[in-house]
Amino acid sequence: MAKNIFRKELKDLKPYIPGKPVEKVMEEYGLTEVVKLASNENPLGPSKLAIEAIINEAPRVNIYPDPSVEIVKEKLMQKHGFPREQIVVGNGGEEIIKMIAMTFINEGDEAVMQDPTFSLYDITISHMGGVSKKIPLVDFETDLDAMIEAINEKTKLVYLCNPNNPIGNIVSKDKLDNFVDKIPEDVVLVLDEAYFEYASRNIEYPDGLEVLKRRPNTIVLRTFAKIAGLAGLRIGYAFSSEEIITEMAKTKGVFNVNRIAQVAAAAAMGDDEHIKNTVDLNYESIGYMVDYFESKGLRYVKTSANFIFADLGIDSKQTFVDLQKKGMIMRPGFIWGYETWARISSGSMEDTKKFMTALDEIIG
Ligand SMILES: *Cc1c(COP(=O)(O)O)cnc(C)c1O
């Protein structure tokens, strides 16, 4: 028999399912206008300051970027009070998640996580030959007790996606503190706070950096993709102990964050108004959707992110197709095992209304 040329873990590795691109729906259905509320993107676009920085940097893309991304680290240090040795910047939060698996997972090592949650944790753990212990949500809430029970000698990592994608709800500060106290010190806690700025409007939402201050084996992940509207540039970051950051940095792409992304992210951090407007619009859009679901008596989960998980009461696979015919894209719940549910991102008010009108025509 011919030898298998591939890494054995790839055989069963299920690739990440991305949101459907606007261009593809336009082409497939012959549409000129498409509303995409599928990938939790920022409907305001990036900050004007970021756009300006991008344009100014364009003539210098013949030069390799700074591999340590100092201009962004400087801003993060000022804002959060952690030294550069405790920060790593990645090619999106996505690369940070890959780095985590590469840094900690030997074959057979275990990682505990919510189910469903952001699928890249499982994908990257599996890629390294690790085993994901997926703990089902109970009535959409994270089962923290079951996650603690799942920890054993082989456990290297515990992921907590907060708010949890695709559900949108949070683990409160009280519950998180209690949870943290029960995790053995030599297990690394990964707090994925990709939606931090949105969730911070909820007074019960904890700040993972406070956990890191008292528990060094903690990684706090955040990204410029959502709040800063820089999804297309790929830049995210993490805080942890100096020891962990040093090891993680060994696994990163050398010039992982391009020059354009670096200047755009640094500029975006100086635009508090854009951040505020983004969060304001988010809750206006979400509020509009909630009013609709309420009026129809449809179930939804209270969200602290820029998307909402709702039960449309009809098959999500079919609804996904029906909505596309009307130029609307969402994320159907069947991909997470919720057949009649959907994850809908917040949008501009115009797009939100168009989407809900189209949805209403289908729901009837
Ligand atoms: C979007 C997201 C990320 C990071 O995304 P990038 O675009 O790679 O920065 C990480 N975790 C969760 C839960 C997300 O939703």
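Everything in this summary refers to the structure shown in the same document.

About the criteria used
Residues numbered from 1 in each chain as written. Predicted model: local features only at pLDDT ≥ 70, side-chain atom pairs only at ≥ 80, totals over all residues. Heavy atoms only, no water. Core = buried A, V, L, I, M, F, W, Y, C linked by side-chain atoms within 4.5 Å. Buried < 20%, exposed > 50% of the residue type's maximum accessible area, 1.4 Å probe, protein only. Helix = DSSP H or I, 4+ residues; strand = E, 2+ residues; numbered from the N terminus. Contact = heavy atoms within 4.5 Å. Near = heavy atom within 4 Å. Polar contact = N/O pair within 3.5 Å; in protein donor to acceptor, adjacent residues only side chain to side chain. Areas by Shrake-Rupley, 256 points an atom, 1.4 Å probe, with all protein chains shown as cover. Nonpolar A, V, L, I, M, F, W, Y, C, P; charged D, E, K, R; others polar. Pairing = 2+ DSSP bridges. Axes fitted to C-alpha atoms, helices over the stretch in contact; angles between N-to-C directions. Phe/Tyr/Trp six-rings, centres within 6.5 Å; stacked < 30°, edge-to-face > 60°. Lys NZ or Arg CZ within 6 Å of the ring centre and 35° of its normal.

Val72, Phe179, Phe224 and Leu230 are the most contacted members of the largest nonpolar core, which has 52 residues in total. Considering each element in turn, this core owes the most residues, six residues, to helix H11 (residues 259–268). When neighbours within four sequence positions are excluded, Val72 is seen to be in contact with Val89, Phe224, Ile235, Gln262, Ala265 and Ala266. Core analysis: the second largest hydrophobic core is formed by 26 residues, Ile123, Ile125, Ile219 and Ile244 among them.

What surrounds the ligand is a group of 13 residues, the closest being Asp192, Tyr195, Thr223, Lys226 and Arg234. A distance of 2.6 Å separates an oxygen atom of the ligand from a polar side-chain atom of Arg234. Contact with the protein chains covers 93% of the free accessible surface of the ligand, which is 380 Å². Residue contributions to the shell around the ligand peak at three residues, all from helix H4 (residues 92–104). Split into classes, the residues belonging to the shell around the ligand amount to five nonpolar, four polar and four charged.

Attention now moves to the sheet that holds strand E12 (residues 341–345). The strand order across the open sheet formed by three strands is E9-E12-E11, and the pairing between neighbours is antiparallel. If you trace the sheet from one side to the other, it starts and ends with strand E9 (307–311) and strand E11 (331–332), each paired once. The pairing of E9 with E12 spans five bridges and is antiparallel. Within E12, the position partnered with Phe307 by the bridge is Ser345. Sheet contacts for helix H12 (residues 272–296): E9 and E12; angle to E9, the most-contacted strand, approximately 10°.

So, about the pairing of E9. Within E9, five of the five residues are buried, which leaves it mostly tucked inside the rest of the structure. Burial of the side chains of E9 extends over both faces: Phe307, Phe309 and Asp311 are buried on one face and Ile308 and Ala310 on the other.

Looking now at the packing of aromatic side chains. The tally for this structure, following the rule as stated, stands at 19 aromatic pairs. Taken together, a centroid distance of 5.4 Å and an interplanar angle of 50° make the contact between Phe82 and Phe239 tilted. Here Phe239 lies in strand E8 (residues 236–239) and Phe82 lies in the loop between helix H3 (70–80) and strand E2 (87–90), a separation of 157 residues in the sequence. This pair shows no difference in class: Phe82 is buried, exactly as Phe239 is. Ring geometry for Phe196 and Tyr205: centres 5.8 Å apart, planes at 55°, overall tilted. Residue Phe196 shares its accessibility class with Tyr205, and that shared class is buried. An aromatic cluster of three or more residues is present, and its members are Phe140, Phe309, Trp336, Tyr338 and Trp341. Across the ring face of Phe334, the terminal group of Lys317 is positioned such that the distance to the ring centre comes to 4.8 Å. Residue placement shows Arg343 over the ring face of Phe307; its charged tip is 5.4 Å from the ring centre.

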